[in-house]
Amino acid sequence: MPLANSILRYSYLAILLLVSGTILMSCSRVALEGDRQNRSIRIKKAHKGTIKIQFELINNLIVVPVRINDSDTLKFVLDTGAGRTVITELGSEQSFEIVYEGDIMLNGLGSSGAVPALISRNNEIFLRGVEGENHTVVFILEGRFNLSNYMGTQVNGLLGYDIFENFIVEIDYDESRIYLHDPDAFKEEYNIRKEDKSWTYVPLYTQDNKLYVDIKITQSNNSEINARLLVDSGASHTVFLYPDTSEDVVIPPNHIESYLGTGLGGEIYGKIGKARKAELQGIELLDPVISYPDMEAVEQAIGRDSRNGSVGADLLKKFDIIYNYADSSMLIKPNRNFNDKFRYNTSGIEITTPLLNFPYYVISEIRKNSPADKAGLKKGDVIVEVDYERVYQFTLNELLDLFHSSEKTVKVYIQRESKFLDFDLELTDILKLDPYF
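Computed from a predicted model, the values in this text were never measured in an experiment.

S.K.: I'd like a rundown of the sheet that holds strand E3 (residues 50-54), residues and numbers included.
M.R.: Read from one edge of the open sheet, six strands run E3-E13-E12-E25-E26-E14, paired in antiparallel fashion. The sheet is open, and its two borders are formed by E3 and strand E14 (200-203), each paired with just one other strand. Within this sheet the neighbouring strands show an average axis-to-axis angle of 20°, counted without direction.

So this is what it looks like as structure tokens:
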């Protein structure tokens, strides 16, 4: 099939920088010095050193508005684990022009293997106050990811390495803001903050356009493991630990078998347990929830690098973070989320929203032997009320928060075909560890 230099109007139903020197500008503004014009993505106005972008936080994930070529505004997850920009889906009314060059196979977590995709180069990309060209975009051709249905709103893909390579990226989870700093303009400030005792300097390791960090984990039996983890802001979990990468990995005796999420390669299943603590450059986080994926879901990742797993947004959101790819480092500072306990899905209910941007919530998975399973809820049940409140009053995030509670009873009223049924879910933390011994 001839692919080179073809123009594709891409649309389908959603399933799933300035040369060194000083240049005078209008209004007596002076362009910042540096190699801004040599970067593929840069701040539009040559005198500005920082752009602020407001984001949505959905299921722990940062969602930002993006345009590509002649598209309307799309929504992308800002993903440190993505080596390139990936389009996972478009809505029925969304389209834009691309010039595509060929087929590739894209690897990712999941048990279904690599997925076919199209690759396109020399695209334009626009964020608020930011523009770029020569941008490579990959389009997934199969709807395995179903990202929008788990987010409750149309989400079109992943935005990763290209942003982090061209900026020093500061993320304020408290205020839902991203600051894209020109690397030359912010270099001195970064060094000042590095010496500020309120910030902690964390060395990172780069490979294949991705970031890795070393974290010490004290496991359920009090043994310690030093794990090299992918820094993955595009995953909502706390920590993934791959058992087959080290004989020192200990799965806690009181674990549960569970659906862990969906990757580019399909659904991920495995075990969930707790560790006693995770330590990042001397900062201790107590009782982190650890997911242990089944081997078939991660075999594409094992062997391609030296990672033992990944650290996700449920842990990262406890900090203000400044990523600096050029320095192979990040700065972190605990924020107001820091002392919140790590939580997991105690109910056993997974929820999707088949009607995007509409409060219509359907149970898509029931964990075996979970409170939801024991109460009699079933896959396909439509949630009508929770704790006597009509479901349209809840966002997806608020519902997820309720079903991640512990030591409480949640009342659920559902529709099953033509019947309406009440259920009481007795939620408790069954992963609690025994006291230190």
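From this point, the discussion proceeds with the structure in view.
S.K.: I'd love a proper account of the nonpolar core, names of residues and values included.
M.R.: Core analysis: the largest hydrophobic core is formed by 74 residues, its most contacted members being Leu159, Ile163, Val169, Val213, Val311 and Tyr323. Excluding residues that lie within four positions of it along the chain, tyrosine 323 makes contacts with Thr80, Phe164, Phe167, Ile168, Val169, Ile171, Leu211, Val231, Leu316, Ser329 and Met330. Judged by nonpolar contacts, the second largest core, of 21 residues, contains Tyr361, Leu402, Ile414 and Phe423.

S.K.: Which residues make up the pattern of salt bridges, and what are the values?
M.R.: Enumeration according to the criterion identifies 19 salt bridges in this entry. Residues glutamate 224 and lysine 216 are paired through a salt bridge, measuring 4.0 Å at the closest nitrogen-oxygen approach. Note on glutamate 224: relative accessible area 49%, which makes it partly exposed. With a relative accessible area of 26%, lysine 216 lands in the partly exposed category. Linking lysine 216 and glutamate 279 is a salt bridge whose minimum nitrogen-to-oxygen distance equals 3.8 Å. Of the two residues, lysine 216 is situated in strand E16 (residues 210-218) and glutamate 279 in strand E21 (residues 277-280); the sequence distance between them amounts to 63 residues. Where salt bridges share partners, they join Glu170, Glu189 and Arg193 into one cluster.

S.K.: Mind laying out the pairing of strand E29 (residues 382-386), listing which residues take part and the relevant values?
M.R.: Counting buried residues in E29 gives five out of five residues, a clear majority hidden from the surface. Sheet topology note: the E29/strand E31 (residues 408-416) ladder contains four bridges and is antiparallel. Bridge assignment links glutamate 385 to a residue of E31, and that residue is tyrosine 413. Bridging between E29 and strand E30 (residues 389-390) involves two bridges; their strand directions are antiparallel. Within E30, the position partnered with glutamate 385 by the bridge is arginine 390. Linkage of E29 to E30, two consecutive antiparallel strands, is achieved through a turn of two residues, within which aspartate 387 is found at a positive phi near 50°.

S.K.: Any details on unusual backbone geometry? Residues and values, ideally.
M.R.: One non-glycine residue with positive phi stands out, namely asparagine 222, at about 75°. Of note, asparagine 222 is situated in the loop between E16 and strand E17 (224-231). Asparagine 222 gets classed as partly exposed once you look at its relative accessible area, which sits at 23%. You will see that aspartate 387, though not glycine, has its phi angle at about 50°, which is positive. For aspartate 387, the position within the fold is in the loop between E29 and E30.

S.K.: Let's hear about a positive patch on the surface: which residues, and what values?
M.R.: The grouping of Lys45, Lys48, Lys52 and Arg128 at the surface amounts to a positive patch. Locating lysine 48 in the fold gives a position in the loop between strand E2 (41-43) and E3.

S.K.: Let's hear about the packing of aromatic side chains: which residues, and what values?
M.R.: Applying the stated criterion across every chain yields a total of eight aromatic pairs. Their ring planes at 80° and their centres at 6.3 Å tell us that phenylalanine 55 and tyrosine 173 sit as a pair that is edge-to-face. Highlighted residues: phenylalanine 55 in the loop between E3 and strand E4 (56-58) and tyrosine 173 in the loop between strand E12 (168-172) and strand E13 (177-181), separated in sequence by 118 residues. With 5.6 Å between their ring centres and 20° between their planes, phenylalanine 164 and tyrosine 325 make a pair best called stacked. Placement of phenylalanine 164 in helix H2 (residues 161-166) and of tyrosine 325 in the loop between strand E25 (319-324) and strand E26 (329-334) is noted, with a sequence separation of 161 residues between them. Of the two residues examined, phenylalanine 164 and tyrosine 325, each falls in the buried class. Cluster of aromatic residues (ring-pair linked, three or more members): Tyr161, Phe164, Tyr323 and Tyr325. Over the aromatic face of phenylalanine 126 sits the side chain of arginine 67, whose NZ or CZ is 4.6 Å from the ring centroid.

Conventions used here
- Residues numbered from 1 in each chain as written.
- Predicted model: local features only at pLDDT ≥ 70, side-chain atom pairs only at ≥ 80, totals over all residues.
- Heavy atoms only, no water.
- Pairing = 2+ DSSP bridges.
- Helix = DSSP H or I, 4+ residues; strand = E, 2+ residues; numbered from the N terminus.
- Axes fitted to C-alpha atoms, helices over the stretch in contact; angles between N-to-C directions.
- Core = buried A, V, L, I, M, F, W, Y, C linked by side-chain atoms within 4.5 Å.
- Buried < 20%, exposed > 50% of the residue type's maximum accessible area, 1.4 Å probe, protein only.
- Contact = heavy atoms within 4.5 Å.
- Salt bridge = Lys/Arg side-chain N within 4 Å of Asp/Glu carboxyl O.
- Patch = residues over 30% accessible without salt bridge, like charges linked within 9 Å, V, L, I, M, F, W, Y side chains within 5 Å.
- Areas by Shrake-Rupley, 256 points an atom, 1.4 Å probe, with all protein chains shown as cover.
- Lys, Arg positive; Asp, Glu negative; His and termini not counted.
- Charge placed at Lys NZ, Arg CZ, Asp CG, Glu CD.
- Phe/Tyr/Trp six-rings, centres within 6.5 Å; stacked < 30°, edge-to-face > 60°.
- Lys NZ or Arg CZ within 6 Å of the ring centre and 35° of its normal.

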